[in-house]
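# Structural description and commentary
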Amino acid sequence: MDMHPIRNIVIVGGGTAGWLTAGVIAARHQARIKAGTFSVTLVESPSVNIIGVGEGTWPTIRTTLQKIGVSETEFFRECDASFKQGGRFARWTTGAETDAYYHPLMLPHGFAEVNLAAHWLASGDPRSFCDAVCSQGTLCDDGLAPKSITTAEYDGLANYAYHLDAGKFAPFLQRHCTSKLGVRHVSADVTKVNQTEQGDIQGLETQQAGTIKGDLFIDCTGFASLLLGKTLGVPFKSCSDVLFCDTALAVQVPFERPDAPMASQTNATAQTAGWIWDIALPTRRGIGYVYSSRHSNEEEAQDVLARYVGPQIKTLKVRKIPIRGGHREIFWKNNCVAVGLAAGFLEPLESSAIVLGELSAKLIAEQMPANREVMDIVAKRFNEVTLYRWGRIIDFLKLHYCLTKRTDTQFWIDNTDPAGIPERLQNLLKLWKYQAPWFLDEFDRLEEVFPAASYQYVLYGMGFRTEVDPLDVATTESLAHQLMRENIAVTQKMRAMLPKNREIVQKIHTYGLQTI
Ligand SMILES: Cc1cc2nc3c(=O)[nH]c(=O)nc-3n(C[C@H](O)[C@H](O)[C@H](O)COP(=O)(O)OP(=O)(O)OC[C@H]3O[C@@H](n4cnc5c(N)ncnc54)[C@H](O)[C@@H]3O)c2cc1C
């Protein structure tokens, strides 16, 4: 039995994943850090850049930042952040110019009380599903923010996440973690990993800072996966048979004028062999074409991006980023656990990567093994939960592609081939022909990344039809009507009081948000 206590945590990598993990663990174990019985060290290469993309987040980020003690005002000011209220998916279903739907971040009104999807389907309501059940699509159409300047930090009138400058976020977290949470920062290249006979990592040899020893090592080295992948040899499981996009062309585009409207949703516009993300920050837009290199060559992809951005692309630097879609077979082996790109990456759709990193960091922090003996038990649990999450995210991302009715290119045709649709998703799609998904419907895990509401928005946004028997929903009809009426009233009220996205971000820079 190895009762060696786990006291010194060593994180390798200082990107978004590394610093978020350091912050979450250090905040959770503050008392022990202050008492000198626990330490968090982050080792980061001075020569290997962070990936520098990943600018769309999920609402979990608010709780994460709040828990590690970040001021929302400072975050807005230092990370060029703006509000994100969901995604607007254009041209994914038919490819027509008018083809668009929202996946908002708000749950359908009264979600816990009644499944409004069934009522919307049974009634033949001509409004979009999103408009019938929540306010957020309208708020986004109007370019409104989810809160006003008098709403307290991290509170919202509508649910929200952020768009942020990835190049500024990691250094911001670094300053916070080192100055407020006692995280030790070592700027050094890891050149060798020393292991025990049992395979545990004993220490890291670095070029600039000698040997760094630890009890638990967290691999946040990005695509390199230096500890879990390269050193411990955990195989990579590709998902390229399901999700085809494997290359991104990213570019930062200035606004035409400094006061140009700033969308409060991620715009995701489908193209011939993938889709373009468009994220508005106060200072610029981050735009990127994610495409399948099996279905398009780079020249065609550059043309697609140029058509979207317009003539100014000639003056801008386009960065090509290869994506290896998939994840490690397990995420925690021996005394090493991977978070962020070192654990895997699927593609940018629905901003699922940072949230998975947050949830992993939280699980590690909360389940921090007391000693080496119990670490394997925690590792087993971590692997089960994390593997489940990756699987669910793969299903959810594929849903966006496999529901398409587009047949204009091989990319879209191949996406509807059942051979590339995971069995669990195929079964759910069969079931949902007869019953609308709801929160008890196979979404049984705590902290499900994408809840049943997310599936509803995508399914019904893309024209999926569930055969609902009107008699089946008759018992909850009056409640459903009441909720839908309330939704109209709430939407009107919010439209009247919420400021524009750019306006509130400027106010946050000038006055700050209320801290209580
Ligand atoms: C095109 C694209 C778009 C994306 N869009 C989104 C999005 O909208 N939303 C979202 O949630 N996610 C997105 N992601 C994913 C997101 O960018 C990452 O999950 C996130 O940035 C975390 O990256 P990371 O910290 O794991 O890795 P990185 O940022 O690559 O950091 C790796 C770190 O490891 C260090 N390192 C490497 N080798 C060594 C060594 N030998 N010694 C010491 N240090 C070392 C590096 O110096 C660096 O600090 C996107 C990814 C891509 C590729």
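Residues numbered from 1 in each chain as written. Predicted model: local features only at pLDDT ≥ 70, side-chain atom pairs only at ≥ 80, totals over all residues. Heavy atoms only, no water.

With 31 residues, helix 12 (residues 372–402) ought to run about 45 Å at 1.5 Å a step, and its terminal C-alpha atoms sit 44 Å apart, in line with that. Among the 31 residues that make up helix 12, 22 are buried, leaving the element largely enclosed by the rest of the structure. If you check the start of helix 12, you find a side-chain oxygen 3.0 Å away from the backbone N of glutamate 373, and it comes from asparagine 371. (Helix = DSSP H or I, 4+ residues; strand = E, 2+ residues; numbered from the N terminus. Expected span 1.5 Å × (residues − 1). Buried < 20%, exposed > 50% of the residue type's maximum accessible area, 1.4 Å probe, protein only. Polar contact = N/O pair within 3.5 Å; in protein donor to acceptor, adjacent residues only side chain to side chain.)

Although it is not a glycine, aspartate 80 sits at a positive phi angle of roughly 50°. One can find aspartate 80 in the loop between helix 4 (72–79) and strand 3 (82–84). What makes aspartate 80 buried here is its relative accessible area of 8%. Of note, the phi angle at serine 225 is positive, near 40°, even though the residue is not glycine. Locating serine 225 in the fold gives a position in the loop between strand 11 (216–219) and helix 9 (226–231). We classify serine 225 as buried; its relative accessible area is 1%.

On to the sheet that holds strand 12 (residues 236–238). An order of 12-18-21 is seen for the three strands of this open sheet, with the pairing classed as antiparallel. Among the strands making up the open sheet, the edge pair consists of strand 12 and strand 21 (344–345). Sheet topology note: the strand 12/strand 18 (residues 326–328) ladder contains three bridges and is antiparallel. By the bridge assignment for strand 18, serine 238 is matched with glycine 326. Each of strand 18 and strand 21 touches helix 12; the most contacted strand, strand 18, lies at about 175° to it. (Pairing = 2+ DSSP bridges. Contact = heavy atoms within 4.5 Å. Axes fitted to C-alpha atoms, helices over the stretch in contact; angles between N-to-C directions.)

In a pair of packed helices, the angle between the axes and the distance between the axes together describe the arrangement. At their nearest, the axes of helix 1 (residues 16–28) and helix 8 (residues 166–180) sit 9 Å apart, and the two run at 25° to each other. Between helix 1 and helix 8, the interaxial angle falls into the category roughly parallel. Of the two elements, helix 1 crosses helix 8, and the hand of that crossing is left-handed. The segment helix 1 lies against helix 8, with Thr16, Trp19, Leu20, Ala22 and Gly23 engaging Phe169, Ala170, Leu173, Gln174, Cys177 and Thr178. The residue makeup of the contact of helix 1 with helix 8, split by class, is seven nonpolar, four polar and no charged. (Parallel < 35°, antiparallel > 145°, perpendicular 65-115°, else oblique. Left-handed = near helix turned anticlockwise from the far one by under 90°. Nonpolar A, V, L, I, M, F, W, Y, C, P; charged D, E, K, R; others polar.)

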